[in-house]
Amino acid sequence: MKKSQFILVSQLKNQLLEFPGIVSSLEKKDPFFVEKMLSWLKSVENILSTNTISEVSEIAGFRSKILAGKISDERSFNAKKNQLKVTANLLHDAQNCVLNVLLPHETKMNECRDITKQILALAAQTTNSLYTSEITFEDFIQRVWLHIISDDDLKLGGIKLKSMLSEMDIIMLIADEIDIKDFS
């Protein structure tokens, strides 16, 4: 079964949106900066691991460098200072690693989003009674998808989407892009 590109892109974008807060905590000399960065890296690791993306090892490597920065033969104050410096030096590389994973998936999702918009525009022209107030939104989306894959004019677009995404992703994409008014 294909992993969800839709969820992966969403999760990685959310992680990147949290990143400026981590940088701001460094700027404000937040005493929990290192812990915030470690937590962020662990969250990214979990996402990459769940999706079997090999860059998980690079993120784990960043985490190990931060943890190793804590180990020092010198006094505790210097060890904390060293860990802070190591963490600050890894910020850009960690963010860049996540961005490099995200971009190809995001590009693919954007291409699929464009295809979905075109298919939905055509589907809205070929049918107009798929939605009624008696059915749930989920059932409506399923009806639209079934219409797409069974209609001779729309089937090729549906097949193209199926070759690029899991069916769950296609359903989420349709739900994200559809305008109910077009099918009432």
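To keep things clear, this report deals only with the structure shown in the data block.

About the criteria used
Residues numbered from 1 in each chain as written. Predicted model: local features only at pLDDT ≥ 70, side-chain atom pairs only at ≥ 80, totals over all residues. Heavy atoms only, no water. Axes fitted to C-alpha atoms, helices over the stretch in contact; angles between N-to-C directions. Helix = DSSP H or I, 4+ residues; strand = E, 2+ residues; numbered from the N terminus. Parallel < 35°, antiparallel > 145°, perpendicular 65-115°, else oblique. Contact = heavy atoms within 4.5 Å. Nonpolar A, V, L, I, M, F, W, Y, C, P; charged D, E, K, R; others polar. Salt bridge = Lys/Arg side-chain N within 4 Å of Asp/Glu carboxyl O. Buried < 20%, exposed > 50% of the residue type's maximum accessible area, 1.4 Å probe, protein only. Phe/Tyr/Trp six-rings, centres within 6.5 Å; stacked < 30°, edge-to-face > 60°.

**Observations regarding the packing of helix H5 (residues 137–150) against helix H6 (residues 155–164)**
Next up, step 1: Look at H5 against H6: their axes get within 6 Å of each other, and the N-to-C directions meet at 110°. As the angle between them shows, H5 and H6 are arranged roughly perpendicular. Every residue of H6 that contacts H5 at Trp145, Ile148, Ile149 and Ser150 is listed here: Lys155, Gly158 and Lys162.
Next up, step 2: Of the residues in the contact of H5 with H6, the class split is three nonpolar, two polar and two charged.

**Digging into the pattern of salt bridges**
Next up, step 1: What the rule picks out here adds up to eight salt bridges.
Next up, step 2: Between Asp30 and Lys36 there is a salt bridge, with the nearest N and O atoms lying 2.6 Å from each other.
Next up, step 3: In this structure Lys36 comes out as partly exposed when scored by relative accessible area, which is 38%.
Next up, step 4: As a salt-bridge pair, Glu45 and Lys42 come within 4.0 Å of each other at their nearest N and O atoms. In this pair, Glu45 and Lys42 both sit in helix H2 (residues 33–50), three residues apart, roughly one turn of the helix.
Next up, step 5: Overall, Lys42 belongs to the partly exposed group, its relative accessible area being 35%.
Next up, step 6: Connected via shared salt-bridge partners are Lys42, Glu45 and Arg63.

**A closer look at the packing of aromatic side chains**
Next up, step 1: The tally for this structure, following the rule as stated, stands at three aromatic pairs.
Next up, step 2: Each ring, one from Phe137 and one from Phe140, has its centre 6.2 Å from the other, and the planes form 50°; the classification is tilted. Taken together, the residues Phe137 and Phe140, both in helix H5 and three residues apart, mark about one turn of the helix.
Next up, step 3: Here Phe140 falls in the buried class, since its relative accessible area comes to 0%.
Next up, step 4: Ring centres of Phe140 and Phe183 lie 5.8 Å apart, and the angle between their planes is 70°; on these two criteria the pair is classed as edge-to-face. Remark: Phe183 occurs in the segment after helix H7 (167–177) and Phe140 occurs in helix H5; sequence separation between them is 43 residues.

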